[in-house]
Amino acid sequence: MNHSTIRNLPDDHTHCWPSPEESLPGSRRPRGYPFGWSIGPEAAIIGGTVSSVLGNLSEQNKRDVANSLEYATHIAHQKTSEDEGFERFWEEYMNCLFSIGWERTRNEWSNLSLEDTTSDVETFCDYVIDNIRNDPLYTQDEKDLIIRALEVLRSQTDKHEFFRRFTVRKSFGVLGVSTALVEDDVLKLRFSAFMFSCDAEVEDYLTTSIAHIRFDAKKGVIAARADQGIIDWYRAQIEEELERASGDYIHRIDI
């Protein structure tokens, strides 16, 4: 699936759409939206990311966030395979996101160590929670929402297999978290992507103990702001493509 340019799009923006002759495989399926069920904060699994939205988003904001994250997940899965780790997956994911109306304001990567934790951690999920709790990227409201969503998710065993589909590739793993909020009248996204390379295959990254597993960990910190005009331009096309897509990438988390 090659990147191309949508005709008549202002300012010659590039994007990750398939060309007309490269229709996405699969029959038409009804789509559900993970957000919009509450006027307050909400959370959902969207691929390998636990995505949270704060209560100050409009219904359209929430819909645009869900569309964007689901579409980026779909494209990244099409462009990568189960035999590789997640570095290229995340690269394709972000390249797609930044081409459909999100402007990058921060993109940093760093290696992590168990020595960086501030409390005893037993699982990979504990490791992520400890890191988020001490991350200045997020406000306290965002931290509370992310941590609550992760704790609810790992307690609901019926969702583990769904999440595992997007977060485990043999001895490689990824666990992403994101928040969406409106700040200074601008819709914004903030991401943390935790990538793991382990010396053994891991069942999942929610409940697996790290006690007897050696691993290397890397964290990506990404922030973006919406170019609402471009998001409006792409909205109908994104929704049409996702209706035709064969993947199922969304699962609500009741928080």
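Source: prediction; values computed, not measured. (Residues numbered from 1 in each chain as written. Predicted model: local features only at pLDDT ≥ 70, side-chain atom pairs only at ≥ 80, totals over all residues. Heavy atoms only, no water.)

Caption draft 1: Region of the structure containing the packing of aromatic side chains. Applying the stated criterion to the full structure yields 14 aromatic pairs. Ring centres of Phe124 and Phe196 lie 4.9 Å apart, and the angle between their planes is 70°; this geometry places the pair in the edge-to-face category. In this pair, Phe124 sits in helix α3 (residues 124-133) while Phe196 sits in strand β6 (residues 186-198), placing the two residues 72 residues apart along the sequence. Among the residues examined, Phe196 registers a relative accessible area of 2% and is labelled buried. Between Tyr127 and Phe196, the ring centres sit 6.1 Å apart and the planes meet at 65°, which makes this aromatic pair edge-to-face. Taken as a pair, Tyr127 in helix α3 and Phe196 in strand β6 lie far apart in primary sequence, 69 residues in all. Each member of the pair Tyr127 and Phe196 is classed as buried. Over the ring of Phe86 we find Arg169; its NZ or CZ atom is 4.8 Å from the centre of that ring. (Phe/Tyr/Trp six-rings, centres within 6.5 Å; stacked < 30°, edge-to-face > 60°. Helix = DSSP H or I, 4+ residues; strand = E, 2+ residues; numbered from the N terminus. Buried < 20%, exposed > 50% of the residue type's maximum accessible area, 1.4 Å probe, protein only. Lys NZ or Arg CZ within 6 Å of the ring centre and 35° of its normal.)

Caption draft 2: Fine view of helix α6 (residues 228-244). In a regular helix each residue adds 1.5 Å, so 17 residues correspond to 24 Å; α6 covers 24 Å between its end C-alpha atoms and thus fits that length. The sharpest bend along α6 comes to roughly 45°, located at Tyr234. All of the buried residues along α6 are Ile230, Ile231, Tyr234, Arg235, Ile238, Glu239, Glu241, Leu242 and Glu243. Looking at the buried positions of α6, the neighbouring elements they touch are α1 (59-79), β3 (102-112) and β7 (215-226). (Expected span 1.5 Å × (residues − 1). Bend = angle between axes of the 7 residues up to and from the residue. Contact = heavy atoms within 4.5 Å.)

Caption draft 3: The packing of α3 against helix α4 (residues 140-155), seen in detail. For the pair α3 and α4, interaxial distance at closest approach is 10 Å and the crossing angle is 170°. By the criterion of interaxial angle, the relationship of α3 to α4 is roughly antiparallel. Between α3, through Cys125, Asp126, Val128, Ile129, Ile132 and Arg133, and α4, the contact on the second element is made entirely by Lys143, Ile146, Ile147, Leu150, Glu151 and Arg154. Partitioning the contact of α3 with α4 into residue classes produces seven nonpolar, no polar and five charged. (Axes fitted to C-alpha atoms, helices over the stretch in contact; angles between N-to-C directions. Parallel < 35°, antiparallel > 145°, perpendicular 65-115°, else oblique. Nonpolar A, V, L, I, M, F, W, Y, C, P; charged D, E, K, R; others polar.)

Caption draft 4: Main features of the packing of α4 against helix α5 (residues 157-167). At a minimum axis separation of 6 Å, α4 and α5 run at an interaxial angle of 105°. In terms of their interaxial angle, α4 and α5 are classed as roughly perpendicular. Between α4 and α5, the contacting residues are Leu153, Arg154 and Ser155 on the first element and Thr157, Lys159, His160 and Phe163 on the second. Its residues placed into classes, the contact of α4 with α5 shows two nonpolar, three polar and two charged.

Caption draft 5: Structural detail: unusual backbone geometry. The phi dihedral of Lys170 falls on the positive side, at around 55°, and the residue is not glycine. Position of Lys170 relative to the elements: it lies in the loop between β4 (168-169) and β5 (172-183). Although it is not a glycine, Asp184 sits at a positive phi angle of roughly 55°. Among the structural elements, Asp184 can be located in the loop between β5 and β6.

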